[in-house]
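Residues per chain, in single letters:
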Amino acid sequence: MRTIDLRGRELSPAAMLAAVPRATQARAEALDTATRIVDDVRERGEQALREQAEKFDRVTGHAIRVPSDHIDDALEHLTPEVRAALEEAIRRVRLASAAQVPAQQVTQIGEGARITQRWQPVHRVGVYIPGGKAVYPSSVIMNVVPAQVAGVTEIALASPPQSDQDGRIHPTILAAAALLGVTEVYAMGGAGAIGAFAWGVPEVGLDPVDVLSGPGNNYVASAKRAVAGVVGTDSEAGATEILVVADAAADARLIAADLVSQAEHDEQASAVLVTDSEELAARVAVEVETFALATRHSERVGAALAGPQSAIVLVDDRDMATAFSNAYAPEHLELHLADAEDAAASFTSAGAVFVGDQTPVSLGDYMAGSNHVLPTGGQARYAPGLGAYTFLRPQQVISYDRSALAAVRAGVVALADTEVLPAHGEAIEARFTA
């Protein structure tokens, strides 16, 4: 990993971001391709999906709508250890997601005048689960459970067909779906799956969804942008990011392990350490190399750590570290600080904040109870991670009786006249004249 020394410099947020650029070129190049794939599915439906499966997944002749016996078989062959882990993860995510459903609120504006704020679930959701460099049953949980907690009644799931599984979805993905009671499952991948959810594919019985969610590569993220406005989408989750803020007392070995754990996802993953300790930075650099060489996916990890999106950043002090983190707005933020619990309040822009050296991002990926589908690319400045609220629509219900309407009669008419919309005022007056 390269080291960037920002000490002794007055830097704006934009200058801080420029010091550690994100891997954006691949996303820009993906948008045109993803849009073409989405449009192809819209126009040609099943035939487009089959051609895409052959080209990208090396699969032909597979069942796009997954038969129920494939799902049952996958659950039957799930190992007891993995099943127990998935069931515990489901329990924890369900508990945390329940806190994300707002209670209905009634505001009494005046006598006979009230507004009820309620949160309505969407009717139908499409969940996408990647199937490329890794297998993600945890993502099934992270997407399906919040939708169920929100009250969504129809959930469809898609994941790429696997050439080494005779065109079936990976069995662990299917087993996770079975544990959650999801029976509408499609073997389709990438941008094509996003297009299929958005527009529907009648030939395979797939109706359009209201909201689609789930992580994926740059093509999946770009496809979401291509269908935005047709359906609701969660954040455009791109390559994973971890930013660690650490002080001189932090454990270099644990920091290195956590940086490598996220670099394992993808060659474009971002792994960043921010510290005011030159000694810690040097120790972490050594430990990172040790972990990177020893891990199974060392080549992928090495590419991510050597990329311009990864770095060890030296800063003057805690204030500068905080400013850098808030400007960067990482997907995952770890605080390896002596006063991490107290300091956490100052770190306001992050998809999720992991406090203390015993709370690694890996915990959040699986068993913390928090959701691991989080905003990347700086979107944490304005966008939340996935939650039950992703599948809810705030809705106001207004109720006025005659006397309450009479109390604002003159005000409505006055404003309508000012805006030269007299019919608005006349609609009020009609209620008070014969």
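Residue positions are counted from 1 within each chain, in the order its sequence is given. For this predicted model, a pLDDT threshold of at least 70 governs which residues receive local features, and a threshold of 80 or more governs which side-chain atom pairs are given and counted, while totals over whole chains, interfaces and linings are taken from all residues. Each side-chain value is worked out from all heavy atoms of the structure, with water and hydrogens disregarded.

Novice: For this particular structure, what's the right way to read the domain arrangement of the protein?
Specialist: One frequently used descriptor of interface size is the decrease in accessible area upon assembly of the parts. All domain edges in this entry derive from an automatic or database-based domain assignment. Split by domain assignment, the protein resolves into domain 1 (2-23 + 239-365), domain 2 (27-236 + 388-392) and domain 3 (401-430). Here domain 1 and domain 2 have C-alpha centroids that lie 30 Å from each other. The contact rule is simple, with two residues in contact once any of their heavy atoms fall within 4.5 Å. Taken together, the contacts link seven residues of domain 1 with five residues of domain 2. Where domain 1 abuts domain 2, roughly 520 Å² becomes buried across the two surfaces, and 32% of that area is made up of carbon and sulfur atoms. Defined in terms of a 1.4 Å probe, buried area is the accessible area two parts forfeit on being brought together, summed over both. The largest share of the area that domain 1 buries against domain 2 comes from H265, R300 and D365, three residues that together contribute 49% of it. The salt bridge definition used is simple: a Lys or Arg side-chain nitrogen within 4 Å of an Asp or Glu carboxyl oxygen. The tally of links from domain 1 across to domain 2 stands at zero salt bridges. Polar contact criterion, stated in full: a pair of N or O atoms within 3.5 Å, where within protein one must be able to donate a hydrogen and the other to accept it, and residues adjacent in sequence count only if both atoms are side-chain atoms. The tally of links between domain 1 and domain 2 comes to two residue pairs in polar contact (both at pLDDT 80 or more).

Novice: In this structure, what is going on with unusual backbone geometry? I would like to understand it.
Specialist: Most of the time, phi is negative for any residue but glycine, and the peptide bond is trans. Despite not being glycine, A329 shows a phi value in the positive range, around 55 degrees. Along the chain, A329 turns up in the loop between α13 (318-328) and β12 (332-336). The class for A329 is buried, based on a relative accessible area of 0%. If you check the backbone angles, V420 has positive phi at about 55 degrees while not being a glycine. Along the polypeptide, V420 turns up in the loop between α16 (402-418) and α17 (422-429). Think of it this way: any DSSP run of H or I at least four residues long counts as a helix, any run of E at least two long counts as a strand, and we number them from the N terminus. Buried residues are those whose accessible area, probed at 1.4 Å on protein chains only, stays under 20% of the maximum for their type, while exposed residues exceed 50% and partly exposed ones sit between those limits.

Novice: What exactly am I supposed to notice about the nonpolar core here?
Specialist: Buried together is how nonpolar side chains tend to be arranged in soluble globular proteins. Core analysis: the biggest nonpolar cluster contains 39 residues, and L157, V185 and F391 have the highest contact counts within it. Every element with two or more residues in this core is listed here: α4 (68-76), α5 (80-98), β4 (124-128), α6 (137-150), β5 (154-159), α7 (171-179) and β6 (184-187). No other element matches α6, which puts seven residues into this core. Excluding anything up to four places from it in sequence, L157 contacts V127, I129, V140, V144, I173, A177, V182, E184, V185, Y186 and F197. We define the nonpolar core as a collection of buried residues of types Ala, Val, Leu, Ile, Met, Phe, Trp, Tyr and Cys that are connected through side-chain atoms lying within 4.5 Å of one another.

Novice: Just to check I follow, could you spell out the packing of aromatic side chains for this structure?
Specialist: Working definition: an aromatic ring pair is given by the centre-to-centre distance plus the angle between the planes. Planes of paired rings set the category: under 30 degrees apart is stacked, over 60 is edge-to-face and the rest tilted, where pairs are Phe, Tyr or Trp rings (Trp by its six-membered ring) whose centres lie within 6.5 Å. Following the criterion strictly, the structure yields one aromatic pair and no others. Arranged with centres 6.1 Å apart and planes meeting at 10 degrees, the rings of F324 and Y328 form a pair that is stacked. Here Y328 and F324 lie together in helix α13, a separation of four residues that amounts to about one turn. Cation over ring: R22 sits above Y328, and NZ or CZ is 3.8 Å from the ring centre. Whether a charge sits over a ring comes down to the Lys NZ or Arg CZ being within 6 Å of the ring centre and within 35 degrees of the ring normal. For the cation-ring pair, R42 lies above W199, with the distance from its terminal atom to the ring centre recorded as 3.9 Å.

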